[in-house]
Amino acid sequence: MKGSRPAPALELREATLGYASRDILTAVNLVVAPGERLALVGPNGAGKSTLLRAIAGLLRPRSGEVRLGGVPLAALSHEGVARRLAVVPQLATLPFSARVEEVVALGRLPHEDPLRGPRAADRAAVSTAIDRVGLGRLMGRDARELSLGERQLVLVALAIAQAAPIVVLDEPTVHLDIRHQVEVMELLLDLNERDGTTVVAVLHDLNLAVRYFPRIVLLAGGRIEADGAPAEVLSGDRIRDVFQVDPSILPIGPWTPTSPERARA
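First things first, this report covers the structure right here in the doc. Please read these numbers as outputs of a predicted model, since none were measured by experiment. (Residues numbered from 1 in each chain as written. Predicted model: local features only at pLDDT ≥ 70, side-chain atom pairs only at ≥ 80, totals over all residues. Heavy atoms only, no water.)

1. So, the packing of helix H5 (residues 148-162) against helix H6 (residues 178-195)
Across the interface, H5 lies against H6 with an axial gap of 10 Å and an inter-helix angle of 10 degrees. Viewed along their axes, H5 and H6 adopt a mutual orientation that is roughly parallel. Judged by residue contacts, Gly149, Glu150, Gln152, Leu153, Val156 and Ile160 of H5 engage His180, Glu183, Val184, Leu187 and Leu191 from H6. Of the residues contributing to the contact of H5 with H6, the split by class is six nonpolar, three polar and two charged. (Axes fitted to C-alpha atoms, helices over the stretch in contact; angles between N-to-C directions. Helix = DSSP H or I, 4+ residues; strand = E, 2+ residues; numbered from the N terminus. Parallel < 35°, antiparallel > 145°, perpendicular 65-115°, else oblique. Contact = heavy atoms within 4.5 Å. Nonpolar A, V, L, I, M, F, W, Y, C, P; charged D, E, K, R; others polar.)

2. Some remarks on the side chain of Gln152
Summarising the element assignment, Gln152 is placed in helix H5. Assessed through its relative accessible area of 0%, Gln152 is described here as buried. Polar side-chain contacts of Gln152 include one of 2.6 Å to the backbone oxygen of Pro172. (Buried < 20%, exposed > 50% of the residue type's maximum accessible area, 1.4 Å probe, protein only. Polar contact = N/O pair within 3.5 Å; in protein donor to acceptor, adjacent residues only side chain to side chain.)

3. With respect to a nonpolar patch on the surface
A cluster of nonpolar side chains, namely Phe96, Leu106 and Leu109, defines an oily patch on the protein surface of about 270 Å² accessible area. Here Leu106 shows up in the loop between helix H3 (100-105) and helix H4 (120-133). (Patch = residues over 30% accessible without salt bridge, like charges linked within 9 Å, V, L, I, M, F, W, Y side chains within 5 Å. Areas by Shrake-Rupley, 256 points an atom, 1.4 Å probe, with all protein chains shown as cover. Salt bridge = Lys/Arg side-chain N within 4 Å of Asp/Glu carboxyl O.)

4. Here we look at the sheet that holds strand S4 (residues 63-68)
Spatially, the four strands line up as an open sheet ordered S2-S1-S4-S5, and their pairing is antiparallel. At either margin of the open sheet sits one strand with a lone partner, and together these are strand S2 (22-32) and strand S5 (71-72). Where helix H1 (residues 48-55) meets the sheet, its contacts fall on strand S1 (10-19), S2 and S4, and the angle it forms with S1 comes to roughly 120 degrees. (Pairing = 2+ DSSP bridges.)

5. Quick look at the pattern of salt bridges
Tallied over the full model, the rule gives 17 salt bridges. Of the charged contacts in the structure, one is a salt bridge between Asp23 and Arg62, with a shortest N-O distance of 2.8 Å. Of this pair, Asp23 sits in strand S2 while Arg62 sits in the loop between H1 and S4, placing them 39 residues apart in sequence. Arg99 serves as the salt-bridge partner of Glu101, at 3.1 Å between the closest nitrogen and oxygen. You can call Arg99 partly exposed: its relative accessible area is 38%. Through salt bridges with shared partners, one network takes in Glu11, Arg13, Glu65 and Arg67.

6. Looking at the sheet that holds strand S3 (residues 37-41)
Strand order in the open sheet made by the six strands is S6-S7-S8-S3-S9-S10, with mixed pairing throughout. One side of each edge strand has no neighbouring strand; the edge strands of this open sheet are strand S6 (85-88) and strand S10 (223-228). Sheet twist, expressed as the average angle between the axes of neighbouring strands with direction ignored, equals 15 degrees. Those strands touched by helix H9 (residues 236-243) are strand S9 (215-220) and S10, and its axis lies near 35 degrees from that of S9.

7. Structural notes on H5
Helix length check: H5, at 15 residues, gives a terminal C-alpha distance of 21 Å against a target of 21 Å (1.5 Å per residue), a fit within 8%. Of all the 15 residues making up H5, 14 are buried; the element is thus mostly covered by neighbouring parts of the structure. Residue Ala163 follows H5 closely and has a positive phi angle near 60 degrees. (Expected span 1.5 Å × (residues − 1).)

8. Focus on the nonpolar core
General note: in soluble globular proteins, nonpolar side chains tend to be found buried as a group. Formed by 53 residues in total, the largest nonpolar core has its most connected members in Val104, Leu135, Met185, Phe213, Ile216 and Leu234. No other element matches H5, which puts nine residues into this core. Excluding residues within four positions of it along the chain, Leu234 makes contact with Val41, Leu206, Val210, Ile216 and Ile239. Membership of the second largest hydrophobic core comes to 32 residues, among which are Ile24, Leu52, Ala54 and Leu68. (Core = buried A, V, L, I, M, F, W, Y, C linked by side-chain atoms within 4.5 Å.)

9. Re the packing of H4 against H5
Here H4 crosses H5 at 140 degrees, and the two axes come no closer than 8 Å. In terms of their interaxial angle, H4 and H5 are classed as oblique. As H4 packs across H5, the resulting crossing turns out to be right-handed. For the pair formed by H4 and H5, the contact residues are Ala125, Val126, Ala129, Arg132 and Val133 on the first element and Leu153, Ala157, Ile160 and Ala161 on the second. (Left-handed = near helix turned anticlockwise from the far one by under 90°.)

Structure (structure tokens):
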């Protein structure tokens, strides 16, 4: 219909999520528009990773539903989900030996013809992802032998090669040094601003969340405690109430629409 709004990139409708007999999140409603950049924050056990698992189709809601691009996630095949959404998990040890370029190429599996294998377009997408992330120097190396920061960049390159309109990341900067944290955040910023990719990331570092994400969703007490601009969501009173710390000890600066590095350019 002319003038109609595009469907949300992802949406949760009255979604209750949990494991065994325990509910972690209750009646969650969340709408993320195409091209948004959103950080999920909250104390340990608040349900951040649980919410991400539901978005990725790895956890079925007890009630309610998850939608991707207006389509109920439950109605999509695994390949259908993978064409719409790329997942960058927490750092994990690869269960098999594989060269860097082979790991990145896994991102093309949802697009490959199962009978013909990778096409020229698939190989080009892998090459472009490797160049964009700056992994050329690591080509040919066993991904299991890389540093944590390098391995995380390989997983981001895999997501870029997947070419999905939505990328979700579970604590992408955990265990990384400052340089690699900034590299990962800059890649996500570029992916969002240049390609229009919707980015949703779970973050423990509130300073990174404030600096790189214009929208923050705070989870606490089994629900969405706050949702909005960083200055509104992470007010001093809310940080004190939710995280049980004095907000004055946290080095949280004001959000700007570009990263610190770009602002100085």
